[in-house]
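Close look at the chain arrangement
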Amino acid sequence: MKHGVFHLNPSPLYSRRGFDVDFPLLAGCLLLLGLGVVMIASASSEVASVQTGNTFYNLTRHLIYLGIGLIAAAFVLGVPIRIWQQHSVHLLAVAVVLLVAVLIPGIGRNVNGANRWIGMSFFNIQPSELGKLFAVIYLAGYLVRRKEQVRDTWAGFFKPFVILLPIAWLLLLEPDFGATVVMMGAALAMLFLGGVSMGRFLLMVLLSVMAVVFLIFTQEYRMHRLMNFTNPWADQFGSGYQLSQALIAFGRGDWIGLGLGNSIQKQFYLPEAHTDFVFAVLAEELGFIGSFCCVALFVFVGLRALFIGFWAEQAKQYFSAYVAYGIAMLWLSQFIINVGVNIGLVPTKGLTLPFLSYGGSSLVICCVCLGLLLRIDWERRYPEPELNYVFTENDFPEENAEITHDFG
């Protein structure tokens, strides 16, 4: 306090209106997080019991990750969106450094032939998760700074890819083909929603499809995955094993499922049952009805994020709008790919299911994205300078009267 005046940086967590956030989005994401806790408890119990002797080993770690994620989301709620915009380039630089570091022997941790994690004593950082989010924030800032160039010139349209393509290359070196597709897909969607002409957008889509086809045909293991997913039963005990077991899980689930905790496939039949294929276990235990409700909840959360972006754009808060669009596309594209892998519509890829799958980095970044969206919506409803409250002694007449009475 100085000369009877103090400044308070307002937040949806504490303001004159109390706890003031977009409750439909918050409720939808909390339901997904709660469902994720339940499914991790079920899907990982058998594996954890055999591997560690503790049935709740993975669940305990997942709850710790969730706690870290919720704390991170609360912190993000207190950070004004303009701060993210001012440091968008710096955040992208941090992502690039981490993506390079993960490829350095001794720093990056190799799991199943992929260097995707930086190992720490307790928590493994997955730079690709940070890379996707920071790429969205950077591109949102670029679209605001170069809006007219992006819409009217080829140079303005292609410039962001001078930055994004090297990041995609770093992701492919890990290799993490799924994260590359998700990041570039979100970038294309942001450019389209940012007002790029249909001709330029379709050209970029065509080039992207050609790049994906080229990457598939130049890597033998990707070709094997492509061939196997079209008919996993041709080698159901070899390269088609994961998808075959996932499809069996869906078949067992039928309409109402076997009941929570009663999955058979999680008992060492289905690999990665609590990470990449948690949706298959959910389908086996909760059936078609449970799977449909989960999908509907994801669609609702994704559409709500898009609407938050749309409302911010209507309020002329363009950076906030593009960030919201980008986060929505990250969630929806990763959800579509993961579910597509589980049901055999997409070749097998190592992508987690947002909010549900076991994985520290993925869960924490999902919570950070939720915090960003809630902050974006709040600032849209209460824009500056209304947010820059300056409280004076006159705002607290009762307290001042008591002080005067006590010392008068």
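Residues numbered from 1 in each chain as written. Predicted model: local features only at pLDDT ≥ 70, side-chain atom pairs only at ≥ 80, totals over all residues. Heavy atoms only, no water.

Looking at the nonpolar core
In this structure, Leu25, Trp84, Leu133, Trp331, Phe355 and Leu356 are the most contacted members of the largest nonpolar core, which totals 104 residues. Examining the composition of this core, we find that 14 residues originate from one element, helix H14 (residues 318–343), more than from any other. Ignoring any residue separated from it by four or fewer positions in sequence, one finds Phe355 in contact with Cys29, Leu32, Leu33, Gly36, Phe298, Trp331, Leu363 and Cys366. (Core = buried A, V, L, I, M, F, W, Y, C linked by side-chain atoms within 4.5 Å. Buried < 20%, exposed > 50% of the residue type's maximum accessible area, 1.4 Å probe, protein only. Helix = DSSP H or I, 4+ residues; strand = E, 2+ residues; numbered from the N terminus. Contact = heavy atoms within 4.5 Å.)

A look at the state of the cysteines
In this structure the tally under the stated criterion is zero disulfides. With no disulfide of its own, Cys293 has Cys294 as its nearest cysteine by sulfur position, at a separation of 8.8 Å. Distance from the sulfur of Cys366, which forms no disulfide, to the nearest cysteine sulfur (Cys369) is 6.3 Å. Judged by its relative accessible area of 6%, Cys366 falls in the buried class. (Disulfide = S-S within 2.5 Å.)

Some points on the pairing of strand E3 (residues 114–118)
Across the five residues of E3, four count as buried, placing the element largely inside the fold. Direction of pairing for strand E2 (residues 108–111) relative to E3: antiparallel, over a ladder of four bridges. Each bridged residue has a counterpart across the sheet, and for Val111 the counterpart in E3 is Ala114. (Pairing = 2+ DSSP bridges.)

Structural notes on a nonpolar patch on the surface
A contiguous nonpolar surface patch, about 460 Å² in accessible area, is contributed by Trp154, Leu203, Leu206, Leu207 and Met210. Per element, the largest residue contribution to the nonpolar patch is four residues, and it comes from helix H10 (residues 198–218). You can see Trp154 is positioned in helix H8 (residues 154–173). (Patch = residues over 30% accessible without salt bridge, like charges linked within 9 Å, V, L, I, M, F, W, Y side chains within 5 Å. Areas by Shrake-Rupley, 256 points an atom, 1.4 Å probe, with all protein chains shown as cover. Salt bridge = Lys/Arg side-chain N within 4 Å of Asp/Glu carboxyl O.)

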